[in-house]
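# Architecture and fold: a report
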Amino acid sequence: MEHLLFKRELNDAEIRMVTSKIIMSDHSFLNFLHANCDNKDHLLAETRKTLFKILARFIKTYKDYMYDHLETLFGFCFKIFIKEDSNKVKQAALEPIQQIIKLYNHKQIPFFNPKESIRQLLDQLKSARPVANVKKSIFATIGKMIHYFNDKIENEQKDIKYEAIMVAWSQLKDQLESSKSTEIATICGLLQFFKHALLPGIMNQDQLSILFKCLWVLLQDIQDVKGVKVIILDLKCLTKNIEIFDQFLLAKSKDLFNQLTKLLNHNNRDVKENSSELFEKFINIVSQKLQQDQQHKILFNQILDKFCDILGAEEKNMFVLTVVIRSVGKFSAAIKTIRGEKQLMEFFNNLIELSEESVLTFYENYHQEQQENKDLKKGQSLKAVLYRQKQLSSFILSYGSLIQNLNFLTDKQALHLYQICLTGFKLHYNYFDAYRQYLYEGLTNMILSLLSYHQIIASQFIDKLIFQGIEEGLQNYNDYRTYMSTCYQMGNLFSGIYKQKNWANASLNDFGLHFFKIINQILTNTTLDHRVQKDEEDEQNLQGQGDYKNFASNPAQYTILHRVILVISQCLQDIPVYCAVDSIIVLLRNVYQKLQKYPKAILLLLLGRVLMKYVQQHNLCYSDDVQNNQKTHLKSILSKLMHLTISNLR
């Protein structure tokens, strides 16, 4: 069944047929689960458990087909969970419910009553005395219900939320204080619960203090506990709720710093990843406190001295190094205030030297080796590349914050900033999806810093970065699919930059002017002359009957223009109207002028269509967001284009 549902790609009709068989057929496995829920046979219990897991995966994989059936599935799974005798089946029965909770949208699906569901789950904890794995699933499910339906619970009844949190708090405290063996599965469920359900204002300071002590204990390596699941969940819980625990974390800042540094050197990659996220959040808290007062100056100096030791060490751990790189950027204002601009410049130069070695030289060597060995991306090499991507984004983000606090940049420093940003453009096509947002954030931060603090070099820097970034980022392709995909990914890069929330309107408008300026420049510089001759390949294929065709005089320029048009088509919808109107008018005029000279240039019609689609979608000719003179110019050029196109067709 798993092979049929998930190992091959189902079409629309097959998915709908399978959905009806699972849910509405007389012989569906829902009926089987219901008919056998009190059967104690071990083999049947194992079968029921597997079927619930398949159902959860089916809901997750084919969620777009599930919305009409969520009420049926939720009610069925909850009913079986209450009635089921087997603990392992009870645990599995909650997995589809957790998937349904994620899909819930109260505007479309009004059936769900979180208050009643949480009440029944709490009653199960009190009356049924479930085993550890079942308790784990119950707490995780309640936590997700509170997270996703907080507003609905708030409106209906506050005490159910408070009761759930107090039950979980008491359970965690008892688990760690008990002289009996600790239930690791239960603790994992409790950590998942607090990650989702811990909200400000519900627990008092004494209760929060006890909870933090429990979380702090779980942050240590426990000798009797095999695996690292507890530490990973604990790190996630602290990271998610760091603003609630900030005063406790600051009180134990030295111990926290040492413990996180230790975990960043852990053998497990997930431990290192989650430790780095908590470390960065903690640095953010310290940075914010320093801006408000100078009480944490001693802590700041201790952290900064540790950073100096890490940057100066001969052997550098990549995870620790990435955290330090980002932290220097976040601390840049405090470094300048407390230790002076000279110290900040030293950090900047150290980071430049480090990034040249660990990023620029690494990728240069990597691409050279990749050409010689096509299997290089497998195994450890792929892991190294993925983490270098995260490190690249960290450098760009840190530099953007750091240069805000420097009064000037040398030519060498400006060149390095350009090279590191250009590397991001060139590598974006192969970027790991989870790291792309870091790259967008870093590039935006860099551009904003240049526009705000280094206007002398900003204009040339941004123009050159956009032009070279498009040209080199679209350079490599081996087939049609890669040709198209690289274009759309480059469009996604610009969309990601435009959609960042830290733009001010004026700065975003400045960036938009640079972007459209380069697009217009590429259009202007493209030679659209053509020659007419027989297609030799067709002539051979058709035994001398080849047709006469138009050939571009400069096919390389045609290719670049075509790919740029594909980039625009992907990102244009994410550009705000106030950034685009004037530039679209200029581009349409350029298209019109070139069409007068080259009426058969289909790329001009393609570009015109992309631009006019934006005009139509945003109703620019009649929108209140567009000035009257802009509307007049727009209507004029659109009218001219229409008449010219009709004339050319005739």
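Residues numbered from 1 in each chain as written. Predicted model: local features only at pLDDT ≥ 70, side-chain atom pairs only at ≥ 80, totals over all residues. Heavy atoms only, no water.

### Focus: the overall build of the protein chain
Cut-off, in case you're wondering: In this description a helix means any DSSP run of H or I spanning at least four residues, a strand means any run of E spanning at least two, and both kinds are numbered starting from the N terminus. The buried label applies to any residue whose accessible area, calculated with a 1.4 Å probe on protein chains only, is under 20% of its type's maximum; exposed applies above 50%, and partly exposed to all values in between. Should any heavy atoms of two residues lie within 4.5 Å, those residues are considered in contact. Residue burial considers only the protein chains on display, and all accessible areas are found by Shrake-Rupley using a 1.4 Å probe.
Tallying secondary structure elements over the protein chain gives 31 helices and two strands in all. When each of the 650 residues of the protein chain is scored for burial, the buried share is 50%. Across the protein chain, contacts joining residues at least 24 apart in sequence account for 75% of those joining residues at least 6 apart. In the form shown here, the protein chain has an accessible surface area of approximately 32,700 Å², with 47% of it arising from carbon and sulfur atoms.

### Regarding the nonpolar core
Note on soluble globular proteins: their nonpolar side chains tend to be buried together. Rules: Here, the term nonpolar core denotes a set of buried Ala, Val, Leu, Ile, Met, Phe, Trp, Tyr and Cys residues that are joined through side-chain atoms within 4.5 Å.
Core analysis: the largest hydrophobic core is formed by 216 residues, its most contacted members being Phe193, Phe194, Phe245, Phe331, Phe348 and Phe494. Residues contacting Phe194, with those up to four places away along its chain left out, are Ile165, Ala168, Trp169, Leu172, Leu211, Cys237 and Asn241.

### Describing the pattern of salt bridges
This is how it is decided: Think of a salt bridge as a Lys or Arg side-chain nitrogen and an Asp or Glu carboxyl oxygen that are within 4 Å of each other.
Enumeration over the complete set of coordinates arrives at 16 salt bridges. When salt bridges with common partners are traced through the structure, they connect Glu46, Lys49 and Lys88 into a single cluster.

### Structural notes on the packing of aromatic side chains
Selection criterion: Pairing of aromatic side chains here covers Phe, Tyr and the six-membered ring of Trp, requires ring centres within 6.5 Å, and sorts the geometry by plane angle: under 30 degrees stacked, over 60 edge-to-face, intermediate tilted. In this scheme, the term charge over a ring applies when either NZ of a lysine or CZ of an arginine sits within 6 Å of the ring centre and within 35 degrees of the ring normal.
The final tally for this structure, using the stated rule, is 24 aromatic pairs. Centroid distance Phe362 to Tyr363: 5.2 Å. Interplanar angle 80°. Geometry classified as edge-to-face. Its relative accessible area of 5% is what places Tyr363 among the buried residues. Summarising the aromatic geometry, the rings of Phe432 and Tyr435 are spaced 5.1 Å apart at their centres and angled 85° between planes, so their arrangement reads as edge-to-face. Overall, the relative accessible area of 38% leaves Phe432 in the partly exposed class. Here Tyr435 falls in the buried class, since its relative accessible area comes to 8%. Here the aromatic cluster, defined as three or more aromatic residues joined through ring pairs, consists of Phe425, Phe494, Tyr498, Trp503, Phe511, Phe515 and Phe516. The aromatic ring of Trp169 is capped on one face by Lys173, whose charged end is 5.0 Å from the ring centroid. Over the ring of Tyr418 we find Lys464; its NZ or CZ atom is 4.8 Å from the centre of that ring.

### So, unusual backbone geometry
For Asn619, which is not glycine, the phi torsion reads 50° and is therefore positive. Assessed through its relative accessible area of 41%, Asn619 is described here as partly exposed.

### A few points about the confidence of the model for the protein chain
Using the following cut-off: The quantity called pLDDT is the predictor's confidence in a given residue, expressed from 0 to 100.
On average, residues of the protein chain score 86 in pLDDT, and 89% of them reach the 70 mark or higher. Segment residues 374-380: pLDDT under 50, and eight contacts once partners within four positions in sequence are set aside and those in other chains are kept. The low-confidence segment residues 542-546 (pLDDT under 50) makes six contacts with residues lying over four places distant or belonging to another chain.

### Structural notes on helix H31 (residues 628-649)
Rules: What a helix is expected to span follows from its residue count: subtract one and scale by 1.5 Å. When we speak of the arc, we mean the arc of directions from the helix axis to the C-beta atoms.
The terminal C-alpha atoms of H31 lie 32 Å apart, and with 22 residues this matches the ideal 32 Å at 1.5 Å per residue to within 8%. Residues of H31 that are buried: Gln630, Lys631, Leu634, Ile637, Leu638, Leu641 and Leu644. Summarising the axial view, the buried residues of H31 lie within an arc of 165°, below the 170-degree limit, and thus occupy one face. Exposed side chains of H31 directed beyond 90 degrees from the buried face belong to Asn628 and Thr632.

### Some details on the packing of helix H4 (residues 42-61) against helix H5 (residues 70-83)
To be explicit about the condition: To obtain each axis, a line is fitted to C-alpha atoms, and for helices this fit is confined to the stretch in contact; angles are then taken between N-to-C directions over 0 to 180 degrees. Here the word oblique covers every angle except those under 35 degrees (roughly parallel), over 145 (roughly antiparallel) and from 65 to 115 (roughly perpendicular). Crossing handedness is read from the near helix: turned anticlockwise from the far helix by less than a right angle, it gives a left-handed crossing, and turned clockwise, a right-handed one. Each residue is assigned to one class: nonpolar for Ala, Val, Leu, Ile, Met, Phe, Trp, Tyr, Cys and Pro, charged for Asp, Glu, Lys and Arg, and polar for all the others, Gly among them.
At a minimum axis distance of 13 Å, the contact between H4 and H5 shows a crossing angle of 155°. Considering the angle they form, H4 stands roughly antiparallel to H5. Between H4 and H5 lies a crossing whose hand is left-handed. Across from Phe52, Leu55 and Ile59 in H4, the residues of H5 making contact are Leu73, Phe76, Cys77 and Ile80. Among the residues forming the contact of H4 with H5, the class breakdown is seven nonpolar, no polar and no charged.

### Digging into the packing of helix H12 (residues 205-218) against helix H13 (residues 229-240)
The N-to-C vectors of H12 and H13 enclose an angle of 140°; their axes lie 9 Å apart at closest approach. One finds that H12 runs oblique with respect to H13. Seen from above, H12 lies across H13 with left-handed handedness. Between H12 and H13, the contacting residues are Phe212, Leu215 and Leu218 on the first element and Val230, Ile231, Asp234, Cys237 and Leu238 on the second.

### Structural notes on the side chain of Gln391
What counts is decided by this rule: Each polar contact in these results corresponds to two N or O atoms within 3.5 Å; when the atoms are within protein, one needs to be able to donate a hydrogen and the other to accept it, and residues that are neighboring in sequence are counted only if both atoms are side-chain atoms.
Residue placement: Gln391 occurs in helix H21 (residues 380-402). Within the local environment of Gln391, its side chain forms a polar contact with the side chain of Ser358, the two groups lying 3.3 Å apart. Those residues in contact with Gln391 that sit more than four places away from it in its chain are Met318, Leu321, Thr322, Ile325, Ser358 and Val359.

### Comments concerning the side chain of Gln124
Here Gln124 shows up in helix H7 (residues 114-128). A distance of 3.4 Å separates polar atoms of two side chains, one belonging to Gln124 and the other to Lys90. Beyond its immediate chain neighbours, meaning those up to four positions away, Gln124 contacts Phe81, Ile82, Lys90, Arg129, Pro130 and Ile138.

### Focus: the environment of His196
Turning to its location among the elements, His196 is positioned in helix H11 (residues 184-197). With relative accessibility at 15%, the residue His196 sits in the buried group. Along the sequence, His196 and Cys237 sit 41 residues apart, while their C-alpha atoms lie 8.0 Å from each other. In this structure His196 touches Gly143, Lys144 and His147, once residues within four positions along its chain are discounted.

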